Amino acid sequence: MEPSFLWVVGFLVLFTFGGLTGLILSRASMDVSMHDSYYVVAHFHYTLSMGVIFSIFAGFVNFFHFFSGATLHVRFLFSHFMISFLGVNLTFFPIHFLGLMGMPRRYFEYRDIYEFFNELCSLGSVLSLGGLGFFCFVV
């Protein structure tokens, strides 16, 4: 499987999952209870933000050899995709649970009950940053 196709499949998976979480928000009774919670943040990031980033990586990986004349190492690109995909899902998937637990947006300090999922999100963001650093190494 080509590395650029992996990014397209990753985009489709994340965008589909984000769209399915949007179906939950489309119900008026659920939207009232989840409005201004972290569930909306997770839905937004799965659909729009990760869709854009995964599309940019797909295009860059696909067209890199046209612009530079050099090819990138396929195994390294596969590893970069897996690190990034795991990091993104570890960052944004627990946010759904935080929203379902009632964690509000735009608050300075939160209750201790949200600590575990917030730490998972932080670990995922560090993993995503490591994936970006690994991508710079590959290029």
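These figures come from a predicted structure and were not determined experimentally.

Asker: Would you mind showing me how to read the pattern of salt bridges here?
Answerer: Where charged atoms from two side chains of opposite charge come close, those side chains can pair. As enumerated under the stated definition, the model contains two salt bridges in all. Salt-bridge contacts for Arg105 lead to Asp36; the nearest nitrogen and oxygen are separated by 3.9 Å. Taken as a pair, Arg105 in the loop between helix H4 (74-100) and helix H5 (115-138) and Asp36 in the loop between helix H2 (28-34) and helix H3 (38-68) lie far apart in primary sequence, 69 residues in all. On the accessibility criterion, Arg105 (22% relative accessible area) is partly exposed. Given the relative accessible area of 29%, Asp36 is considered partly exposed. Through salt bridges with shared partners, one network takes in Asp36, Arg105 and Arg106.

Asker: What exactly am I supposed to notice about the environment of Gly22 here?
Answerer: In this fold, Gly22 is placed in helix H1 (residues 3-26). Distance from Gly22 to Ser4, taken between C-alpha atoms, is 27 Å for residues 18 residues apart in sequence.

Asker: Can you help me understand the environment of Asn62 in this one?
Answerer: Mapped onto the elements, Asn62 comes out in helix H3. A residue is classified by how much of its surface remains accessible, and Asn62, at 33% relative accessible area, is partly exposed. Residues Asn62 and Pro104, spaced 42 residues apart in sequence, show a C-alpha to C-alpha distance of 40 Å.

Asker: Honestly, a nonpolar patch on the surface in this entry has me stumped. Any pointers?
Answerer: Together, Met1, Phe5, Val8, Val9, Leu12 and Val13 line one region of the surface with nonpolar side chains, adding up to about 550 Å² of accessible area. Summarising the element assignment, Met1 is placed in the segment before H1.

Asker: I tried to follow the packing of H1 against H4 on my own but got confused; where do I start?
Answerer: Packed helices, taken two at a time, are described by the angle their axes make and the gap between the axes. Two elements in contact, H1 and H4, have axes separated by 10 Å at closest approach and are oriented at 10°. By the angle class used here, H1 and H4 are roughly parallel. Residues Pro3, Leu6, Trp7, Gly10, Val13, Leu14, Phe17 and Thr21 of H1 pack against Val74, Leu77, Phe78, His80, Phe81, Ser84, Phe85, Val88, Asn89, Phe93 and His96 of H4. Broken down by class, the residue content of the contact of H1 with H4 amounts to 13 nonpolar, six polar and no charged.

Asker: Looking at this model, I keep getting lost on the side chain of Thr91. Mind explaining?
Answerer: Within the secondary structure, Thr91 sits in helix H4. For Thr91, the contacting residues outside a window of four places in its chain are Cys121, Gly124, Ser125 and Ser128.

Asker: I tried to follow H3 on my own but got confused; where do I start?
Answerer: Every α-helix winds through 3.6 residues per turn, so residues three or four apart in the chain are directed the same way. Its 31 residues give H3 an end-to-end C-alpha distance of 42 Å, which sits within 8% of 45 Å, the value for a rise of 1.5 Å per residue. A maximum bend of about 40° is found in H3 at Asn62. Positive phi shows up at Gly69, right after H3, with a value of about 85°.

Asker: What's the story with H4 in this structure? I'm lost.
Answerer: In a regular helix each residue adds 1.5 Å, so 27 residues correspond to 39 Å; H4 covers 39 Å between its end C-alpha atoms and thus fits that length. Downstream of H4 by one or two residues, Gly102 has phi in the positive range, about 100°.

Asker: Would you mind going over a negative patch on the surface with me for this structure?
Answerer: A contiguous patch of negative charge, built from Glu109, Asp112, Glu115 and Glu119, is present on the exposed surface. With respect to the helices and strands, Glu109 occurs in the loop between H4 and H5. Using a relative accessible area of 64% as the deciding quantity, one classes Glu109 as exposed.

Thresholds, definitions, all that
- Residues numbered from 1 in each chain as written.
- Predicted model: local features only at pLDDT ≥ 70, side-chain atom pairs only at ≥ 80, totals over all residues.
- Heavy atoms only, no water.
- Salt bridge = Lys/Arg side-chain N within 4 Å of Asp/Glu carboxyl O.
- Helix = DSSP H or I, 4+ residues; strand = E, 2+ residues; numbered from the N terminus.
- Buried < 20%, exposed > 50% of the residue type's maximum accessible area, 1.4 Å probe, protein only.
- Patch = residues over 30% accessible without salt bridge, like charges linked within 9 Å, V, L, I, M, F, W, Y side chains within 5 Å.
- Areas by Shrake-Rupley, 256 points an atom, 1.4 Å probe, with all protein chains shown as cover.
- Axes fitted to C-alpha atoms, helices over the stretch in contact; angles between N-to-C directions.
- Parallel < 35°, antiparallel > 145°, perpendicular 65-115°, else oblique.
- Contact = heavy atoms within 4.5 Å.
- Nonpolar A, V, L, I, M, F, W, Y, C, P; charged D, E, K, R; others polar.
- Expected span 1.5 Å × (residues − 1).
- Bend = angle between axes of the 7 residues up to and from the residue.
- Lys, Arg positive; Asp, Glu negative; His and termini not counted.
- Charge placed at Lys NZ, Arg CZ, Asp CG, Glu CD.

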